[in-house]
Amino acid sequence: MTAAHSTVHGAEGHASPARLLRMNRMGLWLFFASDALVFALLLSARFYLDGLHTPPEVKQILGLVMTSILLLSSLTAYRAETAIEHGNIARGRSMLLLTAVMGSVFLAGVVMEWMLAEFSPGDGYGTAFFSMTGMHAGHVASGVLLLLMARRQASAGKFDGGGTRAWGASGIVMYWHFVDVVWVFFYPVLYLIH
Amino acid sequence: MSMHGADAEQREQSAGVRVIAILAVLTIIEYIAAIAIGASVPLLVVLTPIALVKAWYILKDFMHLPRLWADEEEAA
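Residues numbered from 1 in each chain as written. Chains lettered and ligands numbered in written order. Predicted model: local features only at pLDDT ≥ 70, side-chain atom pairs only at ≥ 80, totals over all residues. Heavy atoms only, no water.

Colleague: Got a minute to help me understand the overall build of chain A in this structure?
Modeller: When helices and strands are tallied, chain A shows six helices and zero strands. Helices (α) and strands (β) of chain A occur, in sequence order from the N terminus, as α-α-α-α-α-α. Going through the 194 residues of chain A one by one, you find that 47% of them count as buried. Within chain A, contacts between residues at least 6 apart in sequence are counted, and of these 80% link residues at least 24 apart. (Helix = DSSP H or I, 4+ residues; strand = E, 2+ residues; numbered from the N terminus. Buried < 20%, exposed > 50% of the residue type's maximum accessible area, 1.4 Å probe, protein only. Contact = heavy atoms within 4.5 Å.)

Colleague: I tried to follow the interface of chain A and chain B on my own but got confused; where do I start?
Modeller: Taken together, the contact pairs 40 residues of chain A with 43 residues of chain B. Taking both sides of the interface into account, the surface hidden between chain A and chain B amounts to around 3,700 Å²; carbon and sulfur atoms contribute 67%. Here chain A is connected to chain B by one salt bridge. Between glutamate 85 of chain A and arginine 67 of chain B there is a salt bridge whose closest N-O contact spans 3.4 Å. At the junction of chain A with chain B, the criterion picks out eleven residue pairs in polar contact (both at pLDDT 80 or more). Elements that contribute at least two residues to the side of chain A that touches chain B include exactly helix H2 (17–50), helix H3 (60–85) and helix H6 (167–192) of chain A. Per-element accounting of the side of chain A that touches chain B gives the leading share, 14 residues, to H3 of chain A. Broken down by class, the residue content of the side of chain A that touches chain B amounts to 22 nonpolar, ten polar and eight charged. (Buried area = accessible area lost by both parts, 1.4 Å probe. Salt bridge = Lys/Arg side-chain N within 4 Å of Asp/Glu carboxyl O. Polar contact = N/O pair within 3.5 Å; in protein donor to acceptor, adjacent residues only side chain to side chain. Nonpolar A, V, L, I, M, F, W, Y, C, P; charged D, E, K, R; others polar.)

Colleague: Got a minute to help me understand the packing of aromatic side chains in this structure?
Modeller: Two measures describe an aromatic ring pair: the distance that separates the ring centres and the angle between the ring planes. Residue and element names in this part refer to chain A. Considering all chains together, one arrives at 17 aromatic pairs over all chains under this definition. Relative to phenylalanine 186, the ring of phenylalanine 39 lies with its centre 5.7 Å away and its plane at 70°, an arrangement referred to as edge-to-face. Separated by 147 residues along the polypeptide, phenylalanine 39 in helix H2 and phenylalanine 186 in helix H6 bring together distant segments of the chain. Residue class for phenylalanine 39 comes out buried when judged on its relative accessible area of 4%. Taken together, the ring pairs in this structure connect Phe106, Trp114, Phe119, Tyr125, Phe129, Phe130, Trp183, Tyr187 and Tyr191 into an aromatic cluster. The residue whose ring lies beneath arginine 46 is phenylalanine 47, and the NZ or CZ to ring-centre distance is 5.7 Å. (Phe/Tyr/Trp six-rings, centres within 6.5 Å; stacked < 30°, edge-to-face > 60°. Lys NZ or Arg CZ within 6 Å of the ring centre and 35° of its normal.)

Colleague: Before we go on, may I ask you to explain the pattern of salt bridges in this structure?
Modeller: Side-chain pairing between opposite charges can occur once the charged atoms of the two side chains come close. All names here are of chain A. Scanning the model with the defined rule gives four salt bridges over all chains in all. When the shortest N-O distance is used, the salt bridge between lysine 59 and glutamate 118 registers 3.4 Å. Of this pair, lysine 59 sits in the loop between H2 and H3 while glutamate 118 sits in the loop between helix H4 (89–116) and helix H5 (124–155), and the two are 59 residues apart along the sequence. Residue classification places lysine 59 among the partly exposed residues on the basis of a relative accessible area of 21%.

Colleague: Any chance you could explain H5 of chain A here in plain terms?
Modeller: Because an α-helix completes one turn every 3.6 residues, residues spaced three or four positions apart along the sequence face the same direction. The end-to-end C-alpha distance of H5 of chain A is 47 Å, a good match for the 46 Å that 32 residues give at a rise of 1.5 Å each. A positive phi of about 85° marks glycine 157 of chain A, the residue just after H5 of chain A. (Expected span 1.5 Å × (residues − 1).)

Colleague: Mind showing me how you'd approach the nonpolar core here?
Modeller: One recurring pattern in soluble globular proteins is that nonpolar side chains are buried together. Counting 71 residues, the largest nonpolar core has Phe32, Trp183, Phe186 and Tyr191 of chain A as the members making the most contacts within it. Of all the elements in the fold, those that place two or more residues in this core are H2, H3, H4, H5 and H6 of chain A together with helix H1 (3–36) and helix H2 (40–62) of chain B. Looking at which element gives the most residues to this core, the answer is H6 of chain A, with 19 residues. If sequence neighbours within four positions are ignored, tryptophan 183 of chain A has contacts with Met66, Thr67, Leu70, Phe106, Thr133, His136, Pro188 and Tyr191 of chain A. (Core = buried A, V, L, I, M, F, W, Y, C linked by side-chain atoms within 4.5 Å.)

Colleague: Looking at this structure, how should I read the confidence of the model for chain B?
Modeller: Residues with a pLDDT of 70 or more make up 87% of chain B, whose mean pLDDT is 88. Element-level pLDDT for chain B is lowest in helix H3 (residues 72–75) of chain B, with a mean of 58, against a maximum mean of 96 in H2 of chain B. (pLDDT = per-residue confidence, 0-100.)

Colleague: I keep staring at the environment of valine 140 of chain A and nothing clicks. Help me out?
Modeller: All names here are of chain A. Secondary-structure assignment places valine 140 in helix H5. Taking the relative accessible area as the measure of exposure, valine 140 reaches 0% and is therefore buried. The contacts of valine 140, once residues within four sequence positions are left out, are Gly103, Phe106, Leu107, Trp176 and Val179.

Colleague: When you look at the side chain of glutamate 81 of chain A in this model, what are you seeing that I'm missing?
Modeller: Tracing the chain through its elements places glutamate 81 of chain A in helix H3. For the buried glutamate 81 of chain A, which has no salt bridge, the nearest side chain bearing the opposite charge is arginine 67 of chain B, at an N-O separation of 4.4 Å. A distance of 2.6 Å separates polar atoms of two side chains, one belonging to glutamate 81 of chain A and the other to serine 170 of chain A. Every residue in contact with glutamate 81 of chain A, bar those within four places of it in the chain, is listed here: Ser170 and Val173 of chain A together with Phe62, His64 and Arg67 of chain B. (Lys, Arg positive; Asp, Glu negative; His and termini not counted.)

Colleague: I keep staring at H3 of chain A and nothing clicks. Help me out?
Modeller: Given a rise of 1.5 Å per residue, 26 residues ought to cover 38 Å, and the 38 Å separating the end C-alpha atoms of H3 of chain A matches this to within 8%. Just beyond H3 of chain A, the residue with positive phi is glycine 87 of chain A, at close to 85°.

Structure follows, in structure tokens:
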């Protein structure tokens, strides 16, 4: 075994829970950074394809309602995380479920938006709109599944005691907030700019 | 859960409500600005910093960005 291998193995073998948590957090943030680049490219493509033009047929009220639901789901996700970190598993489970429900309502809004859209996927704005909302909805859908998985793990006692043991739930909730941050930029770019 | 833990949880949850209230106000401002401002470029100039502030609040308070450079024990 080389010296480098020995050092890496040693670092994993003797890392404290706090250090492991720090490494997990860093890994998740690196994932966020790489995923954010994909969304940034989609965002720039919207301006490249259709400048600052937004068709008047875009459903403004639906966009505002969907945005409000997603923002509100961030609060319930945050409440789930803090509850689980402090060992309040029952509240954490109910908040995770509520967040997943709101995420599903958001997805239903996206489907409704696609069905009612009066612009074509073939024109500049339509291409940007369907690709951006599609990519984002894919992340929301995976987030809903992850939230339900976290709830199941909470029920199985995986996060009992909170603290560093709650990292699994905390990481999933952070992913949910990341999806929310993406929408913070997508909403004005797709709906409000004209 | 101890009383101390319950108090800490309550404090953190109140902080979450404060952040969501700020995000709601900024979203309403965005929406009104889009109605009130007719020209594209001035609207973009108004909406961009609002989106950045909203993202910053989520990153800092909900995603705990400062924990990345906190001491290990403190961050745990």
